[in-house]
Amino acid sequence: MYSPLNVDRFVTYFRAARRARRTFVIDPYQAFVLHLIHSQALPQPGTTPDLRVLVPPRFSTSGAARRLGHTSWARELQRGAITADEIAQAPERFVVLFRQSMQPWLYGASLPQGATCIFSYWPGYLRNRDSNR
């Protein structure tokens with residue numbers, strides 16, 4: 001768990017996942033940030049097999065999808081897409097960026113057996129009761 005706006009943190013996690021021979025799974029927000037930056041130094045989903053995008057089930061009806069559905073980014077979002085089922089079949093193969101709101105449809109009531117969750121936000125968020133679950 002980290003802010004997708006923190007590109008340095010993205011790079012750190014992506015490199016760590018790569019070294020561990022795991023696929024790094026990001027959400028549409030992180031994919032959009034990478035699209036906006038569009039740097040040769042940053043990977044784009046769909047251009048490397050070790051970076052995939054998990055699109056939430058309700059994303060197509062979200063405000064972001066309505067605002068951005070006509071863009072080239074939205075059309076390319078499915079390149080490199082991965083499903084929650086694919087992750088559930090072999091969770092040990094992935095490092096997943098997720099937020100607490102994603103957990104119910106991604107993992108159910110709890111994280112997969114043996115999973116490690118890294119919370120990497122501003123320390124003030126730890127005072128928020130919702131962040132302490």
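This text goes with the structure placed above it.
The structure presented is a predicted model; accordingly, all values stated were derived computationally and were not measured.

A.B. asks: In this structure, what is going on with the pattern of salt bridges? I would like to understand it.
C.D. replies: Here the idea is simple: oppositely charged side chains can pair when their charged atoms come close. Counted by the stated rule, this structure contains 2 salt bridges. Across the salt bridge formed by D50 and R18, the nearest N and O atoms sit 2.6 Å from each other. Here D50, found in the loop between α2 (28–37) and β2 (51–54), pairs with R18, found in helix α1 (residues 7–19); they are 32 residues apart in sequence, far enough to count as distant. For R52, the salt bridge is made with E86, and the minimal N-O distance between the two is 3.3 Å.

A.B. asks: Can you help me understand the pairing of strand β1 (residues 23–26) in this one?
C.D. replies: Within a regular strand, side chains alternate between the sheet's two faces. Of the two faces of β1, the one carrying T23 and V25 and the one carrying F24 and I26 are both buried. Here 3 bridges tie β1 to strand β4 (residues 94–96), and the two strands are oriented parallel to one another. When the sheet's bridge partners are listed, T23 is paired in β4 with F94. Taken together, the 3 bridges between β1 and β2 define a ladder with parallel strand orientation. Pairing of V25 across the sheet is with R52, part of β2.

A.B. asks: Is there a simple way to think about the nonpolar core in this case?
C.D. replies: As a rule of thumb, nonpolar side chains are buried together in soluble globular proteins. Counting residues in hydrophobic clusters, the biggest one holds 16 residues, and the most contacted among them are Y2, F10, F24, I26, L34 and L51. Secondary-structure elements contributing two or more residues to this core are α1, β1, α2 and β2. The element that contributes the greatest number of residues to this core is α1, accounting for 5 residues. Among residues more than four places away in sequence, those in contact with L51 are F10, F14, T23, F24, I26, L34, P43, Q44, P45, G46 and G80. Counting residues in hydrophobic clusters, the runner-up holds 12 residues, among them L54, I87, V96 and Y107.

A.B. asks: Even after reading the chapter, I still don't get the pairing of β2, so can you show me in this structure?
C.D. replies: Side-chain alternation along β2 places L51 and V53 on one buried face and R52 and L54 on a second face that is also buried. Crossover connection from β1 via α2 to parallel β2: handedness right-handed. Two strands pair when backbone bridges link them, and β2 and strand β3 (residues 81–82) are joined in this way by 2 bridges, in the parallel orientation. Looking at the pairing, L54 lines up with I82 of β3.

A.B. asks: Would you mind going over unusual backbone geometry with me for this structure?
C.D. replies: The phi angle at R21 is positive, at roughly 60°, despite the residue not being glycine. According to the relative accessible area criterion, R21 is exposed, its value standing at 78%. Positive phi is not limited to glycine here, since H38 has a value of about 40°. Along the chain, H38 turns up in the loop between α2 and β2.

Cut-offs and rules
- Residues numbered from 1 in each chain as written.
- Predicted model: local features only at pLDDT ≥ 70, side-chain atom pairs only at ≥ 80, totals over all residues.
- Heavy atoms only, no water.
- Salt bridge = Lys/Arg side-chain N within 4 Å of Asp/Glu carboxyl O.
- Helix = DSSP H or I, 4+ residues; strand = E, 2+ residues; numbered from the N terminus.
- Buried < 20%, exposed > 50% of the residue type's maximum accessible area, 1.4 Å probe, protein only.
- Pairing = 2+ DSSP bridges.
- Core = buried A, V, L, I, M, F, W, Y, C linked by side-chain atoms within 4.5 Å.
- Contact = heavy atoms within 4.5 Å.
- Right-handed = clockwise from strand over helix to strand, strands pointing away.

These figures come from the coordinates and say nothing about function on their own.
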